[in-house]
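# Coordinate analysis (summary)
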Amino acid sequence: MILIRDGRVIDPATGTDKVQDVLLDGAGIERTGPSINAPDAEILDARDLIVAPGFIDLHCHLREPGQDISETIETGTRAAARGGFTAVCCMPNTHPVNDNASVTRSIIERAAAGASVRVWPIGAVSVGSKGEALAEIAAMQEAGIVAVSDDGRPVATAKLMRQAMDYCRSLGLPVIDHCEDPSLAAGGVMREGPRSIRLGLKGIPAESESICVGRDVEIAALTGARLHIAHLSARASLAHVRAAKKQGLPVTCEVTPHHFTLIDEDVVYDTRYKMNPPLASREDREALLAGIADRAVDAIATDHAPDHPASKGVEFDRAPFGITGFETALALALTELVHTKRISLMRLVELFTTGPARILGIERKIAGGEPADLTIFSVNHKWTFRANESASKSRNTPFDNREFVGAPMATIVGGNIVWRREVAAAM
Ligand SMILES: [Zn+2]
Ligand SMILES: [Zn+2]
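The following paragraphs examine the structure supplied in this document. Source: prediction; values computed, not measured.

Those protein atoms acting as donors to the zinc ion (ligand 1) are Asp151 (OD), His178 (ND1) and His231 (NE2), and they sit at 2.0 to 2.1 Å. Between consecutive donor residues of the zinc ion (ligand 1), the sequence gaps follow D-x26-H-x52-H.

Listed below in structure tokens is the structure:
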């Protein structure tokens, strides 16, 4: 038994925001309440800390199978635990692509053997994510996928997207799209604008994303399927999502910490600023912040995309897209969203917990009988993120050496404390 004592329990599912105890028994929550008496329990002192439902990351790349040099399920989920995540959804663009049940099963088996947190695989929409024929979606669902996506690229054609949505609607699976018009994005390495011109780098216009979001929203209306837009970065894309929600369509979106923190003007000749979609304009960032506050945005997702120094440490044009994100996500959200008073702590917790859970069609709640997946964090702990101390195998982050106020403090999965921050004379 573990007794989490005197934490400020914030649970969007029940609207709870009060200091109380949480008693865990085995893999589940036994009960919550004031001053629980449990003499035999191990005590976890959560005074001055927030106790939240376990964070879920809807979007990450664990690179296994096939790219173990950049990350493995073991190292990636250790980094996720340090970021406060209790469950992560891993994208299928591995080698081989997760486009059939045997790859799905092998990911789940590897996770069972060595993952720190729950791993929920996302299957490919199309065979090899090539955009030609639908993958074995029903068989993958039986094996354990929670959604489908051809992330890394968009679902290639409107016709294939329609087939995928028709099929996934009957299966009850969300379709997650990486929205990008390849003809507009081709060869681009950062957002098109004054900064790309000054740096002499080929730009990608915002419309590359928003045109594809518009297409997908229309197909969602046509099919009635659940559509989730990955790493939404442009104001015009968010306008499509807002319009879809107004019509009552089951369309949702996620925003990454780097897109609500940085803009294209921050890009320097350093491949740690190269990601897809690229960092957007100041106006786009303002639109994302507004959408996060007024609920047009449903979830924060990291798009944790580790790349080994040997691949990322090349010229800007040649480097792969992507940055790591697990360990800095919560601290960036506290910095940009809560400390600036743009959103409440309740809303922040929602963006990491009940928001993503709803997209997956599941519940997340702190109550007796629920699984003991909990994230404990501080809003005032001062620390410095050092990439070379990260649990990830990769170091590709623009937030290296960044000082933060607020941090994950402990991560509990199925009643086990899978990670705990070492702090002198605390916890
Ligand atoms: Zn993507
Ligand atoms: Zn991705």
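Here the narrative resumes.
Turning next to the coordination of the zinc ion (ligand 2). By definition of the ideal shapes, a tetrahedral metal site with four donors has angles of 109.5 degrees and an octahedral site with six donors has angles of 90 or 180 degrees. Those donors, His59 (NE2), His61 (NE2), Asp151 (OD) and Asp303 (OD), are the protein atoms that reach the zinc ion (ligand 2), and they lie 2.1 to 2.3 Å from it. Around the zinc ion (ligand 2), the 4 donor atoms are arranged such that angles at the metal cover 83 to 169°; this shape is classified as irregular. Along the chain, the residues donating to the zinc ion (ligand 2) fall in the pattern H-x1-H-x89-D-x151-D. If you look at the zinc ion (ligand 2) and the zinc ion (ligand 1), they sit 3.4 Å from each other and are both ligated by aspartate 151. Remark: aspartate 303 occurs in the loop between strand 15 (299–300) and helix 11 (309–312) and aspartate 151 occurs in the loop between strand 9 (147–149) and helix 4 (158–171); sequence separation between them is 152 residues.

To continue, consider the side chain of glutamate 64. By secondary structure assignment, the location of glutamate 64 is in the loop between strand 6 (55–60) and helix 1 (73–82). Overall, glutamate 64 belongs to the buried group, its relative accessible area being 11%. Here the side chain of glutamate 64 touches isoleucine 73 through a polar contact of 2.7 Å, landing on its backbone nitrogen. Leaving out residues up to four positions away in the same chain, glutamate 64 has contacts with Glu71, Thr72, Ile73, Glu74, Thr94, Ile107 and Arg110.

Turning to the packing of helix 12 (residues 329–338) against helix 13 (residues 345–352), a few remarks are in order. Following both chains from N to C, one finds helix 12 and helix 13 inclined at 145°, their axes separated by 11 Å at the closest point. When the axes of helix 12 and helix 13 are compared, the crossing they make is right-handed. Here helix 12 contributes Ala329, Leu330, Ala333, Leu334 and Val338 to the contact with helix 13, which in turn contributes Leu345, Leu348 and Phe352. Tallied by class, residues from the contact of helix 12 with helix 13 come to 8 nonpolar, no polar and no charged.

So, about the packing of helix 1 against helix 2 (residues 101–114). Interhelical geometry of helix 1 versus helix 2 gives an angle of 60° and a closest axis separation of 9 Å. Every pair of crossing elements has a handedness; the one defined by helix 1 and helix 2 is right-handed. Every residue of helix 2 that contacts helix 1 at Ile73, Glu74 and Thr77 is listed here: Ile107, Arg110, Ala111 and Gly114.

The subject of this paragraph is the pairing of strand 17 (residues 403–413). Burial within strand 17 is extensive, with 9 of its 11 residues counted as buried. Here strand 16 (residues 374–384) pairs with strand 17 via 8 bridges, running antiparallel. Note on strand 17: the bridge partner recorded for isoleucine 376 is alanine 410. Bridge analysis of strand 17 against strand 18 (residues 416–420) gives 4 bridges, and the strand direction is antiparallel. Bridged to threonine 411 within strand 18 is tryptophan 419.

The subject of this paragraph is the nonpolar core. Ile4, Leu348 and Phe377 are the most contacted members of the largest nonpolar core, which has 109 residues in total. Counting residues per element, this core draws most heavily on helix 12, at 8 residues. With residues near it in sequence (within four places) discarded, leucine 348 still touches Leu330, Ala333, Leu334, Val338, Ile343 and Phe377. Grouped together as the second largest cluster of nonpolar side chains are 16 residues, Met91, Val146, Ala147 and Leu360 included.

An order of 6-7-8-9-10-13-14-15 is seen for the 8 strands of this open sheet, with the pairing classed as parallel. For this open sheet the edge positions go to strand 6 and strand 15, each flanked by a neighbour on one side alone. Sheet analysis places strand 7 (residues 85–90) next to strand 8 (residues 118–123), joined by 4 bridges and oriented parallel. Counted as the bridge partner of valine 88 is valine 119 from strand 8. Running over the sheet, helix 8 (residues 235–246) touches strand 13 (227–229) and strand 14 (251–255) and is turned about 145° from strand 14.

Glancing now at the side chain of aspartate 264. Note on placement: aspartate 264 falls in the loop between helix 9 (257–261) and helix 10 (282–294). Of the side chains with opposite charge, arginine 191 comes closest to the buried, unpaired aspartate 264, at an N-O distance of 5.7 Å. Apart from the residues lying within four places of it in its own chain, the contact partners of aspartate 264 are Met190, Arg191, Arg195, Leu279, Ala280, Ser281 and Arg282.

This part is about the pattern of salt bridges. Applying the stated criterion across every chain, the model contains 23 salt bridges. Here arginine 47 makes a salt bridge to aspartate 45, at a shortest N to O gap of 2.4 Å. The shortest N-O distance in the salt bridge between glutamate 336 and arginine 285 comes to 2.8 Å. Note that glutamate 336 is positioned in helix 12 and arginine 285 in helix 10, a separation of 51 residues in sequence. A relative accessible area of 14% places arginine 285 in the buried class. Through salt bridges with shared partners, a single ionic network connects Arg285, Glu286, Glu336 and Arg402.

The rules behind the values
- Residues numbered from 1 in each chain as written.
- Chains lettered and ligands numbered in written order.
- Predicted model: local features only at pLDDT ≥ 70, side-chain atom pairs only at ≥ 80, totals over all residues.
- Heavy atoms only, no water.
- Donors = N, O, S within 2.8 Å, 3.2 Å for Na, K, Ca; no water.
- Tetrahedral: all angles 85-135°; square planar, octahedral: opposite > 155°, others 65-115°.
- Helix = DSSP H or I, 4+ residues; strand = E, 2+ residues; numbered from the N terminus.
- Buried < 20%, exposed > 50% of the residue type's maximum accessible area, 1.4 Å probe, protein only.
- Polar contact = N/O pair within 3.5 Å; in protein donor to acceptor, adjacent residues only side chain to side chain.
- Contact = heavy atoms within 4.5 Å.
- Axes fitted to C-alpha atoms, helices over the stretch in contact; angles between N-to-C directions.
- Left-handed = near helix turned anticlockwise from the far one by under 90°.
- Nonpolar A, V, L, I, M, F, W, Y, C, P; charged D, E, K, R; others polar.
- Pairing = 2+ DSSP bridges.
- Core = buried A, V, L, I, M, F, W, Y, C linked by side-chain atoms within 4.5 Å.
- Lys, Arg positive; Asp, Glu negative; His and termini not counted.
- Salt bridge = Lys/Arg side-chain N within 4 Å of Asp/Glu carboxyl O.

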